Amino acid sequence: MASIRDIMDIMDYGPSPEASGEVRAWLRGHAGGIGHFIDGAFTKPKAPLADVLNPATDEVIARLSHAGAAEVDRAVAAARAAQPGWAALGGHARARYLYAIARHIQKRERFLAVLETMDNGKTIRETRDIDVPLVARHFYHHAGWAELVESEFPGMGPVGVCGQVIPWNFPLLMLSWKVAPALAAGNTVVLKPADLTPLTAQAFAEICAEVGLPKGVLNIVQGGAETGALVTGHKGVDKVAFTGSTAVGRAIREQTAGSGKKLTLELGGKSPYVVFEDADLHGAVEGVVDAIWFNQGEVCCAGSRILVQESVAARFFDLLRARLQTLRVGDPLDKSTDVGAIVSHRQLTRIRDLVASGVADGAVLHSADVDLPATGSFCAPGFFTGTAPAHRVSQEEIFGPIATTLTFRTPGEAVELANDTRYGLAASVWSQDIDRAISVASGIKAGVVWINGTNMFDAGAAFGGMRESGSGREGAREGLAEYLAPGARPKGSPRPAPGLVPVAAPQGDGVADGIDVTAKLYIGGKQARADGGQSYTVRDASGAGMGQAALANRKDVRNAVEAAAKAGGWGGVTAHNRAQVLYYLAENLAQRAEEFAALLARATGATPRSARAEVEAAIARTFWYAAQADKVDGAVHATKSRHVTLAVNEPWGVMGLVAPDEAPLLSMLSLMLPPLAMGNRVVVVASQSHPLIAARFMQVVETSDLPAGAVNILTGARDELAEVLALHDEVAALWYCGDAAGVGRVERASSGNLKAVWTDGGQSRDWVRDGQGREWLLRARQVKTIWLPYGE
Ligand code: NAD
């Protein structure tokens, strides 16, 4: 044995294993297999049981039942039966349960940390100091929300039964992110953990049983992809919340299309880690340890693409290589291990294949010079130099402890490279210049940006992605809102498909009273003829022809989207300016109120009085959204000390809006105004049956100081145009108010770029009474969380 003097000479670490006796005893107690937790009871494990391995040793530590349709049905039925009672308990009673869960987690921190480490392969340092404390914090925070939800979200209520599916990289933490807000808001849950890491969910169910959570409120069904699909596709589920890969997220978007389920997706990432020449380089190197070598790089928001300013790149890479050699890789239960085991041999093979592709593409791999344990699935951490943006390793998630690197010269170039990905989950920006750091943070398309830091999480700060990293947020007020729905609005009737199917107007299709209206489209600030040179006949309420409207085609949609994409300046003008423009729009509409009322009455058959009321409502609504333009504030969230955590509202970018036939002026404005107030550019598909109102409205837009491209208006076959918008990658969000079949079609078509889709379920509504409110504004923006450190 080495003497103290020897140790002082070599300063080497000795082994420091965490005790695992308690967990091993628990595992022996479950040697018969792990079943499900349904309706407050643990089911008997049922063959065939699948092995659950400790990835650090390849030892079988448990055997798992996989739920089939019968078990999932039972779990959903239990959740359904329990939901009204759970909601009716009230916020305070629910808060007591969540508080008890948080307390029990804290009492078992060590046990849960060791169990998670043995199940997943992640180091005990991380499960003990990061995962489990964050889990407890999540339940405490949401015990608070349960208490406050009724007063803080008036008029909102639970969504119902939530089907939740989580991945293996942070098993208990992802469970807490899903379960805590759902229960706080009065929903009940059917959760499916990843089959590679099912054990802490079982331990969590035992905690819930222990605290006496009413039966059926939480149900856990174990299994793999098939079980997951049974949960997300179940008819009895009202909301699906998924965390996992983008490919599966896309499949779930398709599966749930048209089902009326509310959906949130937290998907993959390829997050940039941007280091400027004025950064504290040693700090930034230490940050890389937490960005990509943390959790073996199996982190959705890992800083996996390091972008370094050219002037300091050589020095930075030298420092990084030196730091890499000090990492300790091996037994995750050893308290001095930095990098543990990869979750499975399959995942390890995936990482190796991707790394081999990087080497084959000509990049240079710098690996930690470590002896990897002979058993288990271990990967030496490292990073590439010489990667190019087009390399597969620069674009695909490696989901292992290997970063790619690129250099840049200017801040503009850094932002461009940072955004050169289909993802948009997170980013880190390292610079001592606050102006630069904040302006780069605002230029990067990501849901979370850490300035001079990385991978910081807190229940009080929203987390979630943009673009193909998904939509929806977890944590904070924004995350809770995902588990709430507006109180029942008066039920409309199913909206019919528009009776009038536009066909190119046959030659000589007359206009009954001789008013010859050659309406156009409105694209890029100008009235434009339809690309196909075609129009369709528009009939008034009596069936007589009242004019012709332009028949837009795919090319027109593409042109409109392109014009909108170019009009990014609208998102950059001050909220005050946007308000001014909207007031001016109202003023111009008011001047033509009589004319619009007459047109509406003729087109829709409304009485003069109700047509006039629609115009008045449209003017009032425009005022209301002008007033709101500078009132929808962001927030400074209370998170860890020494951080100002900003929740900044950002427009989606280009939004597609598909208007219904009812109240054709008011409904179109009700859809357009909130996105415009929040700085989006819009491509509107106007009422198919009453397009001449939109055509006349183009003149109002033309005179209202809206920059070219901020508003684009198309007329034609609603569902055909809606589908082109849904398929278009440049359209970031789509609102569709058509019929039920169209809802399914646009939701399915939108799975390509995973755009955020909102529909009203194909139900008509009373637009005067029920077409305005703050929720429309909140839906017209996304939240970016920016973490700013302060202090020495
Ligand atoms: P995965 O998508 O393969 O699996 C995730 C979960 O979905 C598992 O429970 C799995 O059994 C289940 N599943 C698989 N196919 C399904 C289907 N067709 N229908 C329903 N459920 C199905 O992902 P993974 O390999 O477990 O996890 C890694 C991925 O998760 C990475 O891409 C990572 O970036 C992502 N991730 C994202 C976040 C985030 O918050 N954005 C957090 C953690 C992980």
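Residues numbered from 1 in each chain as written. Predicted model: local features only at pLDDT ≥ 70, side-chain atom pairs only at ≥ 80, totals over all residues. Heavy atoms only, no water.

Moving on to the pairing of strand β14 (residues 382–385). With burial as the criterion, each face of β14 is covered, one bearing G382 and F384 and the other bearing F383 and T385. Pairing of strand β13 (residues 364–367) with β14, which is carried by four bridges, proceeds in the antiparallel orientation. When the sheet's bridge partners are listed, V364 is paired in β14 with T385. As defined by bridge partners, β14 adjoins strand β15 (residues 402–408) across two bridges and the pair is classed as parallel. Across the sheet, G382 pairs through a bridge with I402, a residue of β15. (Buried < 20%, exposed > 50% of the residue type's maximum accessible area, 1.4 Å probe, protein only. Helix = DSSP H or I, 4+ residues; strand = E, 2+ residues; numbered from the N terminus. Pairing = 2+ DSSP bridges.)

This paragraph deals with the nonpolar core. I105, F139, F204, W293 and F316 are the most contacted members of the largest nonpolar core, which totals 109 residues. Ignoring any residue separated from it by four or fewer positions in sequence, one finds I105 in contact with L112, V132, V135, A136, F139, F204 and I207. Counting 68 residues, the second-largest nonpolar core is a separate cluster that includes A601, A617, A629 and W758. (Core = buried A, V, L, I, M, F, W, Y, C linked by side-chain atoms within 4.5 Å. Contact = heavy atoms within 4.5 Å.)

Moving on to the sheet that holds strand β24 (residues 635–637). Strand order in this open sheet of 10 strands is β13-β14-β15-β12-β11-β16-β17-β31-β25-β24, and the pairing throughout is mixed. Two strands lie at the open edges of the sheet, namely β13 and β24, each paired on one side alone. Strand-to-strand twist of the sheet, defined as the mean angle between neighbouring strand axes without regard to direction, takes the value 25°. Both strand β16 (residues 426–430) and strand β17 (residues 448–451) contribute to a ladder of four bridges, which runs parallel. By the bridge assignment for β17, A427 is matched with V449. Along the sheet face, helix α12 (residues 310–324) touches β11 (271–275), β12 (303–309), β13, β14 and β15 and points at about 135° away from the line of β12. Packing of helix α15 (residues 411–418) onto the sheet brings it into contact with β11, β12 and β15, and relative to β15 it is tilted by some 145°. (Axes fitted to C-alpha atoms, helices over the stretch in contact; angles between N-to-C directions.)

Turning to a nonpolar patch on the surface, a few remarks are in order. On the surface, I4, M8 and M11 cluster together into a nonpolar patch covering about 400 Å² of accessible area. Within the fold, M8 resides in helix α1 (residues 4–10). (Patch = residues over 30% accessible without salt bridge, like charges linked within 9 Å, V, L, I, M, F, W, Y side chains within 5 Å. Areas by Shrake-Rupley, 256 points an atom, 1.4 Å probe, with all protein chains shown as cover. Salt bridge = Lys/Arg side-chain N within 4 Å of Asp/Glu carboxyl O.)

All right, on to helix α16 (residues 434–443) then. Those residues of α16 that fall on the buried side of the exposure criterion are A437, V440 and A441. In a view along the axis of α16, the buried residues occupy a sector of 105°, so they form one face of it. Check the buried side of α16 and you find it contacts α15, β16, β17 and β31 (781–789). Where α16 begins, one side-chain oxygen reaches toward the backbone nitrogen of D435, 3.0 Å away; that side chain belongs to D433. (Arc of directions from axis to C-beta. Polar contact = N/O pair within 3.5 Å; in protein donor to acceptor, adjacent residues only side chain to side chain.)

Take the site of the ligand next. Around the ligand sit 28 residues in total, of which I166, W168, S245, L267 and E397 are the nearest. At a separation of 2.7 Å, an oxygen atom of the ligand approaches a polar backbone atom of I166. G244 places a main-chain nitrogen or oxygen 3.3 Å from an oxygen atom of the ligand. A total of 840 Å² of accessible area belongs to the ligand in isolation, and the protein chains cover 87% of it. For the shell around the ligand, the elements supplying multiple residues, two or more each, are α9 (225–232), β9 (239–243) and α10 (246–256). Among the elements that take part in the shell around the ligand, α9 stands out by supplying four residues, more than any other. Considered class by class, the residues forming the shell around the ligand number 17 nonpolar, eight polar and three charged. (Near = heavy atom within 4 Å. Nonpolar A, V, L, I, M, F, W, Y, C, P; charged D, E, K, R; others polar.)

Locating R718 in the fold gives a position in helix α25 (residues 718–727). A polar side-chain atom of R718 sits 3.5 Å from a polar atom in the side chain of D719. A distance of 2.6 Å separates polar atoms of two side chains, one belonging to R718 and the other to D739. Contact partners of R718, with chain neighbours within four places excluded, come to P496, A497, P498, V658, A659, V685, Q688, Y736, C737, G738 and D739.

Counting buried positions over the five residues of strand β7 (residues 188–192) gives five, a clear majority of the element. Sheet topology places strand β6 (residues 161–165) next to β7; five bridges connect them, and they run parallel. Bridge pairing in β7 places C162 opposite V189. Handedness of the crossover joining β6 and β7 through helix α7 (residues 171–184) is recorded here as right-handed. (Right-handed = clockwise from strand over helix to strand, strands pointing away.)

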